[in-house]
Amino acid sequence: GQTDLKSPQDIQVYAVNTNFTLRWNYTGNDTNVTFSAEYQWFEDSGTDETEWKELPGCQNVTRTECDFSSAITKYYDTHHVRIRAERREEVSPWSSIFEIIPYFTAQIGPPGIELQSTNGVIKIKVSPPEANQDRKMWIAPLSFRYNLLIWENSSDAEFRSQSIFPTDVINDLAPDTTYCLKVQATLPLDWKEGLFSPIHCIKTTRKAVNDLLCATNVRVIALNMKFHLYWNNRYKQYVSYNVQYLIGYLKKLHDDYSVKWLNVPGCENITDTQCNFSSIIATTSGFYYLRVQAMNEYNKSCLSDEVKVDPLIINEIGPPGVKVDISDVLLHIQITPPGGSESEIMRDHYDLSYRVLYWKNSSNNEEEIKMKELKQTIGSVSDLTPSTLYCVKAQAFSEAYNKSSHFSKEECIKTPGDKTLPLIILATFVIALIAVLLVTTPLVFALYQAYNKIKYVFFPSCQPPLNIEGFGGQLFSNLYLSTTEELVEKCSIIETIVTEEVNKIDFKDYKCSKQSSRDSGNYSNDDDTSGNKAPEETLEKEIV
C-alpha cells in the first residue's frame, strides 16, 4: 500500500582495513523510524544475481549508520547494498543500490609506531596495519612502504618527509629538541595511500663526542661493476677494520636485522682504508648496505655510518675501447664494451649505445667534427678523403639509466692515396691503343693486298710443266722481252697427222703455259731456229 515514509539517500560505505561502515541520509520528519539493509554478492561478474539477504549489523537500527564488517568475507567480489526506512508495519521503498568491491573500497589503516631517543638520533620501529588482527585485508605486509613526516614541536616548524624502513634511524636532528612525527603506510603497486598514524612526540638527546677511532667519510667508488669502499682514518695509533654488509631486503622485514650483518671476504682485520667488495654483488636487482667496524688494540670498536649501494645506480660506465681499420672507401670502427668483452652485466643491464666522433686531423682547426651513433659494436664511415689522416674516439651511454662514459683515447689512421689519376692514365692508354689499331688495321690490310698483287704479277708461284720444258731449254728462259728486241717468229708447217698426234700429248699445267705464251708475244727468234730443228726431227722419227 501507500506510505509516507521516504527512502534513505546518499548511501556511502566507509572501510578501513576490514572494518566496514554503512552510512546514509534520511530527510523525513517521521519519528520512531528504524532502518534495515539487505545485500547480495557475486563471485564474479559472469554469475547471475543471488537473492537478497539481510545485512548483519544493519537491522532495525535507529541511527543513520551501521557496522556490517562481519558480513564481508570475500574481499575481491562485488557486493550490492540497499536500505529502507521502517515504522511498525509501514516500510519505505528501497533505496538505490550501492555497489562495492571491498578491496578497492577499503583504506589502509594507520601503522603502529615505537620510538627511542639515543645519542642524538631517534630509532623508530613501525608495525604494519592489521598487525594484531586475525582478519586481514592486506595479505602481503612486505609490500608496504612507509612515509615519515617529522617536524619540530614549535610554532614555526618546517615539515620534513622521508621514506623509512620498518626499523630505521632518523638522523640530522638538533640535540635537546622535541620532535613530533607520524607515519603513513602505502601500497605503491595498488596506488593506495593509507591513513597516518597518531602523532607521536619525543625529545632528542645530545650526541656523544665523535670517537676518533670511528671511520669517517665512508664512500663507494664503482667503475665497470668493480666496487671499492674507501674511508678516512683519524686514529693515530694501531687500528684494524672489518667491512660488513647487509642485504637490502632484510631491512624491509619487520624483524631485527642487527645480527644479520656479514663480513666482506678479504676485508677482515685489515689496516688499509679501502676494500674491494665486488665479490658480494651477487645480483644487480637488489641493493646492499655497508659499514666499517674499527677496532683498536684494546678491542674497543666503533661502527661507521651505513652506506647504501644500489649497484646499477652507483656504478659508473668507463670509456670503451676503439680499433680502426681502413679500406678503399670505408673507415671501419670496432668498439670494445666498457669492462672488456667478458663484462656481460655492462652490456645486458645498461643496454649500451655508442657515440662515435671522427674528424680529419689536419692543421686546420676549423675541421668539422662529425658524430655517429651506433647500437652495435661495429660501424663504418664512408665519404672519405684520400691521403687524409682521420681520428676517432667513442663514448658509451645508457639512456635507461641516464649515464655516459668519458670518451676513449683517440685512434688515428690515414686513408690510401687517390687512385683516380692512374685509372685515367690507363684508360687514356687503352683508348689510344684501340684508336691506333682501328687506323692501322685497314692500312696494313691494303698493303698486304698490294703485296699479294705484286707478288702474283712479278713473282708467280706457278712453274711450266716438265713436258713443256723438254721442247727446248730456252723456250721460257726469256719470256719477257722489250718490243725492240723481239724478232719475227719463223713457223714451220707440220703435217696434219703430226698435229693430231701432238694434240694427244698430255700438257700439264696447260693453263699456265698458255698464259705465259700470250704474255711473251713471239715464241722464237732467229737464233732459236737451229735450236728447234732437233726436236722436230726427233718428232718426225717417232711418227714414222
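Labelled according to an unreviewed UniProt entry, the protein appears under the name INAR1 protein, originating from Pterocles burchelli.

### Topic: the overall build of the protein
Secondary structure summary: the protein contains 8 helices and 32 strands in total. Long-range pairs, those at least 24 residues apart, make up 63% of the contacts in the protein with a sequence separation of at least 6.

### Let's talk about the state of the cysteines
Note on terminology: a disulfide is the covalent bond linking the sulfur atoms of two cysteines. Tallied over the full model, the rule gives 5 disulfides. Note on cysteine connectivity: Cys-214 is disulfide-linked to Cys-302, with sulfurs 1.3 Å apart. Handedness here is read from the sign of the S-S torsion; for Cys-214 and Cys-302, about 60 degrees, the answer is right-handed. With a gap of 88 residues between them, Cys-214 in the loop between β16 (200-203) and β17 (216-223) and Cys-302 in strand β23 (residues 301-303) connect regions that are remote in the sequence.

### Thoughts on the pattern of salt bridges
Two side chains carrying opposite charge are able to pair once their charged atoms lie near each other. Enumeration according to the criterion identifies 9 salt bridges in this entry. Arg-206 serves as the salt-bridge partner of Asp-176, at 3.0 Å between the closest nitrogen and oxygen. One end of the pair, Asp-176, is in the loop between β13 (167-170) and β14 (178-187); the other, Arg-206, is in the loop between β16 and β17, and 30 residues separate them in sequence. Asp-176 gets classed as partly exposed once you look at its relative accessible area, which sits at 38%.

### Quick word on the sheet that holds strand β9 (residues 112-118)
The pairing of strands in a sheet comes from backbone hydrogen bonds and takes either a parallel or an antiparallel form. One open sheet holds the 3 strands; their spatial order is β9-β10-β13, and the pairing between them is antiparallel. The two strands at the open ends of the sheet, each matched to only one other strand, are β9 and β13. The mean angle between the axes of side-by-side strands here comes to 20 degrees, regardless of whether they run parallel or antiparallel. Bridge analysis of strand β10 (residues 121-127) against β13 gives 4 bridges, and the strand direction is antiparallel. Note on β13: the bridge partner recorded for Lys-123 is Val-169.

Thresholds, definitions, all that
Residues numbered from 1 in each chain as written. Predicted model: local features only at pLDDT ≥ 70, side-chain atom pairs only at ≥ 80, totals over all residues. Heavy atoms only, no water. Helix = DSSP H or I, 4+ residues; strand = E, 2+ residues; numbered from the N terminus. Contact = heavy atoms within 4.5 Å. Disulfide = S-S within 2.5 Å. Salt bridge = Lys/Arg side-chain N within 4 Å of Asp/Glu carboxyl O. Buried < 20%, exposed > 50% of the residue type's maximum accessible area, 1.4 Å probe, protein only. Pairing = 2+ DSSP bridges. Axes fitted to C-alpha atoms, helices over the stretch in contact; angles between N-to-C directions.

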